[in-house]
Each structure stands twice: as C-alpha cells, then as structure tokens.
Amino acid sequence: MPIQHGITTSLYYRDPDGNFVEMQVDNFATADEATAYMKGPEYDGDPVGPAFDVDRMVAARRDGASAAELCTRAWALSGPELPDPMRVLTGVVASLTA
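Residues numbered from 1 in each chain as written. Predicted model: local features only at pLDDT ≥ 70, side-chain atom pairs only at ≥ 80, totals over all residues. Heavy atoms only, no water.

A. Just the overall build of the protein chain, in detail. For the protein chain, the count of helices and strands is 6 helices and 3 strands. The order of α-helices and β-strands along the protein chain, N terminus first, is β-β-β-α-α-α-α-α-α. Whereas a compact globule of 98 residues would reach a radius of gyration of roughly 13 Å, the protein chain reaches 14 Å, a difference of no more than 12%. Dimensions along the principal axes, computed over C-alpha positions, put the protein chain at roughly 35 × 30 × 25 Å. The contacts of the protein chain with a sequence gap of at least 6 include a subset with a gap of at least 24, amounting to 51%. Counting only carbon and sulfur atoms, one obtains 55% of the accessible surface of the protein chain, whose full area is about 6,200 Å². Seen as two clouds, the 7 positive and the 15 negative side-chain charges of the protein chain have centres 2 Å apart. (Helix = DSSP H or I, 4+ residues; strand = E, 2+ residues; numbered from the N terminus. Rg over C-alpha atoms; globule rule 2.2 N^0.38 Å. Contact = heavy atoms within 4.5 Å. Areas by Shrake-Rupley, 256 points an atom, 1.4 Å probe, with all protein chains shown as cover. Lys, Arg positive; Asp, Glu negative; His and termini not counted. Charge placed at Lys NZ, Arg CZ, Asp CG, Glu CD.)

Here it is, written out as structure tokens:
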C-alpha cells in the first residue's frame, strides 16, 4: 500500500505472518522542516495522506521528474483517484484496484 503522508513517502507490505512492514523516504531534510509541515494546513487536513500509483511514480521518474516533485501530496493527488489507503490497510477494501 503506497501512501504519500507528506512527511514521508511510504510503502506498506504485509509479511506472511500478517505483520506490516513499512519502507519510507523522509521528505524533509531536517526535523524542524518536518515539524513545521506537521503544524501546517495540509497535514492538519489529512494526517494520513492519499494513496499513489507506484508504477506511475516510477514512469515519471524515468521521464525526468525530480524526486522532490514526486514526494509531494500534490503529485500523488494529480494521478488517478484511488481508494482511501486506511480502508485498504484495515481490510475494508481489498486493494488499490478494488
């Protein structure tokens, strides 16, 4: 499950025992920048963030998009509408394509 949290860009996987594993990239260079983001309106309005299409991200990067551009909620939201990521993680929706 890919989620653009704003503070991080995260990929969640479920292991064979049902545990979640998260791989993430920090989107801010310093703790102060991250804290400022978490005190801002974007994070306040949606602390979880939207799902994003990983294949679309890889293609955009190959086409020259910067990592900084791809690690934003604006980029994640510019793609296809996807199910609420928390509904997928909690099993309410089976997958991003459901």
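B. How the structure looks around the side chain of asparagine 27. You can see asparagine 27 is positioned in the loop between β3 (20-26) and α1 (31-38). From its side chain, asparagine 27 meets the backbone oxygen of cysteine 71 in a polar contact 3.4 Å long. Setting aside chain neighbours within four positions, we find asparagine 27 in contact with Gln4, Gly6, Ile7, Thr8, Thr9 and Cys71. (Polar contact = N/O pair within 3.5 Å; in protein donor to acceptor, adjacent residues only side chain to side chain.)

C. Local environment of a nonpolar patch on the surface. A cluster of nonpolar side chains, namely Tyr13, Val21 and Met23, defines an oily patch on the protein surface of about 300 Å² accessible area. Within the secondary structure, methionine 23 sits in strand β3. (Patch = residues over 30% accessible without salt bridge, like charges linked within 9 Å, V, L, I, M, F, W, Y side chains within 5 Å. Salt bridge = Lys/Arg side-chain N within 4 Å of Asp/Glu carboxyl O.)

D. Here's a closer look at the layout of surface pockets. Of the volumes computed, that of the largest pocket is approximately 160 Å³. Lining the largest pocket we find Thr9, Ser10, Leu11, Met23, Gln24, Val25, Phe52, Val54, Met57, Val58 and Cys71. For the lining of the largest pocket, the elements supplying multiple residues, two or more each, are β2 (8-14), β3 and α3 (54-62). Of the residues in the lining of the largest pocket, the class split is 8 nonpolar, 3 polar and no charged. (1 Å grid on protein atoms, 1.4 Å probe; cavity = no way out; pocket = protein on both sides within 12 Å on 5 of 7 lines; lining within 4 Å. Points joined across faces, edges and corners; volume = space filled by probe spheres on them. Nonpolar A, V, L, I, M, F, W, Y, C, P; charged D, E, K, R; others polar.)

E. The pairing of β3, seen in detail. Examined bridge by bridge, β2 and β3 share 7 bridges and lie antiparallel to one another. Bridge pairing links tyrosine 13 to valine 21 in β3. Between β2 and β3, which follow one another and run antiparallel, lie 5 residues, and glycine 18 among them has a positive phi close to 90°. (Pairing = 2+ DSSP bridges.)

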